[in-house]
Amino acid sequence: MTLVIVPLEHDQMLDKYLLFTPGPVNVAESLRSAICREDICHREPDFDTLLRSIEHKLISLFQIRNRARYRAVVITGSGTAANEAILSSVVGKGAILILSNGEFGGRLHKTSCIHNKHTHLIEMPWGAPFDPAQIAAYLATHKIDVVAMVHHETCSGMLNPLAEIGVLAKAAGALFVVDGVSSVGAEVIDMEACHIAFVSSSSSKAIGSYPGLSFVVGRKKHFKRLKQHAAKTTYLNLATFYAFLKHHSQTPNTPAVPLFFALEQALTDILRVGVMKRYAVIKARADLLREGMRRLNLDFLIDEADMCSILTTVRVPPSISVRDLRERLREKSIIIYEGKGCFAGKVFQVGNIGELSDYDIRFFLATLKEVLLTLQAEAAELIAPVRPKGATLVMLPTPDRLKAKVVS
């Protein structure tokens, strides 16, 4: 694909913010209409039908072949609610191993420690890949009932391997549960081939709907076994959600009905386009952004082969403040993320999901170039200029990887 960075046509604010973030996102007009549908009561057949439609479409989104073996519950709450529902419901009195290489793996660990006495941790530095041999060795020497991992670590943009870890968990006789909050809707997640018992996700990221809903998709046989465990929460007890779904096609608590309408419409739109075509569109956007940013002499935090399709984490050029960059882009109606934790002040993040057109992406790249040149000019001799087209890319040295930290 040939990339042309268009010149800026105007210097004023756009009529909306362009959300180049991993969520929330700019939503489609079809969702704006859906969320304003006529009011219904959640204890009437209208809602039963709506929930069944959402569940059917979620199973289709995952392209599950043995559909009758899986169910999907929907929770009014963010992706963290779905993760806490899993972590508080599936372990019982057993032991769980959390695999963490970023902020959200750390959040899984923190949540599990609240609910599960026997929580183990294998922790890698943020942005460092897992070592399957180390995980296999740990599982061989510890009795682990559940293995939990984040699929896409948003803090770095790294996509962790499902198939490898799923095989290890199965060999150890452990359930494999996955935080798919930011990857579902953009990446292939083969629950059957990867031996995934439960996967969580959110309405507001790659699926492209409004924030406020999350869901858990899992094997029926694993849902049925949840009633063997004593409840550790009231609102987020996954066994209760499954019982209401199975017997009443309902949620146990009052749902955010307008958000259910919007989620149903978002899933309808995805399936109308085609799941794999949708993935290809998101990946093409990421490629367009990455090509453009490489041409601006910007370096990425991790190798592109390890990146998810929804997000690019970019090193900040020397002597440019991330905050200044973010504020200047905001003045042009563009919203990006700053780095967090150990990456704070060192990187910025550019998402490519939601309703973003190729023109929006080219507008972003042209604006980014303009802002970088302005900031470089202000910093004068402290900043290396944006590299002219055709110059050789010089990658920054990769930080030394630390030895994995293991906590039992």
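In this report, the structure presented in the accompanying data block is examined. This structure is a prediction, so every number in the text was calculated from the model and none was measured.

What counts, and where the lines are drawn
- Residues numbered from 1 in each chain as written.
- Predicted model: local features only at pLDDT ≥ 70, side-chain atom pairs only at ≥ 80, totals over all residues.
- Heavy atoms only, no water.
- Helix = DSSP H or I, 4+ residues; strand = E, 2+ residues; numbered from the N terminus.
- Buried < 20%, exposed > 50% of the residue type's maximum accessible area, 1.4 Å probe, protein only.
- Contact = heavy atoms within 4.5 Å.
- Areas by Shrake-Rupley, 256 points an atom, 1.4 Å probe, with all protein chains shown as cover.
- Lys, Arg positive; Asp, Glu negative; His and termini not counted.
- Salt bridge = Lys/Arg side-chain N within 4 Å of Asp/Glu carboxyl O.
- Polar contact = N/O pair within 3.5 Å; in protein donor to acceptor, adjacent residues only side chain to side chain.
- Phe/Tyr/Trp six-rings, centres within 6.5 Å; stacked < 30°, edge-to-face > 60°.
- Expected span 1.5 Å × (residues − 1).
- Pairing = 2+ DSSP bridges.
- Patch = residues over 30% accessible without salt bridge, like charges linked within 9 Å, V, L, I, M, F, W, Y side chains within 5 Å.
- Charge placed at Lys NZ, Arg CZ, Asp CG, Glu CD.
- Axes fitted to C-alpha atoms, helices over the stretch in contact; angles between N-to-C directions.
- Parallel < 35°, antiparallel > 145°, perpendicular 65-115°, else oblique.

### Focus on the overall build of the chain
Inference 1: Counting its secondary structure elements, the chain contains 12 helices and 15 strands.
Inference 2: Counting every position in the chain, which comprises 408 residues, the buried fraction comes to 56%.
Inference 3: Partitioning the contacts of the chain with sequence separation of at least 6, the portion at a separation of at least 24 is 74%.
Inference 4: About 17,700 Å² of surface is accessible on the chain, with carbon and sulfur atoms providing 54% of the total.

### Thoughts on the side chain of Arg 285
Inference 1: Turning to its location among the elements, Arg 285 is positioned in helix α10 (residues 275-295).
Inference 2: The buried charged residue Arg 285 lacks any salt bridge, with Glu 355 as its nearest oppositely charged partner at 5.3 Å.
Inference 3: What Arg 285 contacts, discounting residues up to four positions off in sequence, is Asn 352, Ile 353, Gly 354, Leu 356 and Ile 361.

### Focus on the environment of Arg 294
Inference 1: Along the chain, the position of Arg 294 falls in helix α10.
Inference 2: The sequence separation of Arg 294 and Val 314 amounts to 20 residues, and the corresponding C-alpha distance is 9.8 Å.
Inference 3: Here the side chain of Arg 294 touches Glu 304 through a polar contact of 2.6 Å, side chain to side chain.

### Some points on the packing of aromatic side chains
Inference 1: Under the criterion given, the structure shown has 7 aromatic pairs.
Inference 2: Ring centres of Phe 20 and Phe 364 lie 4.7 Å apart, and the angle between their planes is 25 degrees; this geometry places the pair in the stacked category. Placement of Phe 20 in the loop between β1 (18-19) and α1 (29-34) and of Phe 364 in helix α12 (residues 358-379) is noted, with a sequence separation of 344 residues between them. In this structure, Phe 20 and Phe 364 share a single accessibility class: buried.
Inference 3: An aromatic cluster is defined as three or more aromatic residues linked by ring pairs; in this entry it consists of Phe 198, Phe 223 and Tyr 242.

### Looking at the environment of Asp 306
Inference 1: Looking at where Asp 306 falls in the secondary structure, it is placed in the loop between α10 and β11 (311-315).
Inference 2: The exposure class assigned to Asp 306 is partly exposed, which follows from its relative accessible area of 29%.
Inference 3: Excluding its chain neighbours within four sequence positions, the residues that come into contact with Asp 306 are Gly 157, Met 158 and Leu 159.

### Some words on α10
Inference 1: Taking 1.5 Å per residue, 21 residues should reach 30 Å; α10 reaches 31 Å between its end C-alpha atoms and fits that length.
Inference 2: Along α10, the positions that sit buried rather than exposed are Val 275, Tyr 279, Ile 282, Arg 285, Ala 286, Leu 288, Leu 289, Arg 290, Glu 291, Gly 292 and Met 293.
Inference 3: Just downstream of α10, Asn 297 is the residue with a positive phi angle, here 65 degrees.

### Some words on the pairing of strand β14 (residues 347-351)
Moving residue by residue along a regular strand, the side chains alternate between the two faces of the sheet.
Inference 1: Of all 5 residues in β14, 5 are buried, a share of seventy percent or more.
Inference 2: One ladder, built from 5 bridges, connects β11 with β14; its direction is antiparallel. Residue pairing in the sheet places Leu 311 in a bridge with Gly 351 of β14.
Inference 3: Note that strand β13 (residues 337-338) and β14 share 2 bridges and pair antiparallel. Its bridge partner being in β14, Glu 338 is matched across the sheet by Phe 348.

### With respect to a positive patch on the surface
Inference 1: A cluster of like positive charges, contributed by Arg 69, Lys 170, Lys 221 and Arg 225, occupies part of the molecular surface.
Inference 2: Within the secondary structure layout, Lys 170 lies in helix α6 (residues 162-171).
Inference 3: A relative accessible area of 53% places Lys 170 in the exposed class.

### Comments concerning the pattern of salt bridges
Inference 1: Scanning the entire structure with this criterion turns up 16 salt bridges.
Inference 2: Of the charged contacts, one joins Lys 340 and Glu 103 as a salt bridge, the two residues approaching to 3.8 Å between their closest N and O atoms. With Lys 340 in the loop between β13 and β14 and Glu 103 in helix α4 (residues 103-115), the pair connects residues that are 237 residues apart, well separated along the chain.
Inference 3: Glu 103 gets classed as buried once you look at its relative accessible area, which sits at 19%.
Inference 4: For Lys 143, the salt bridge goes to Asp 145, with nearest N and O atoms at 2.7 Å.
Inference 5: Looking at Lys 143, the relative accessible area reads 60%, which means it is exposed.
Inference 6: Among the ionic contacts, a cluster of salt bridges with common partners joins Arg 65, Asp 190 and Glu 192.

### As for the packing of helix α9 (residues 257-273) against α10
Inference 1: Put simply, α9 and α10 touch, their axes get as near as 6 Å, and they point 95 degrees apart. By the angle between their directions, the pair α9 and α10 is classed as roughly perpendicular. Between α9 and α10, the residues in contact are Ile 270, Leu 271 and Val 273 and Val 275, Lys 277 and Arg 278, respectively.

### Section: the sheet that holds β11
Inference 1: Strand order in this open sheet of 3 strands is β11-β14-β13, and the pairing throughout is antiparallel. Looking at the sheet topology across the chains shown, the edges are occupied by β11 and β13.

### Concerning α9
Inference 1: Across its 17 residues, α9 extends 25 Å between first and last C-alpha, which sits within 8% of the 24 Å expected from 1.5 Å per residue.
Inference 2: Directly after α9, the chain includes Gly 274, whose backbone phi takes a positive value near 110 degrees.

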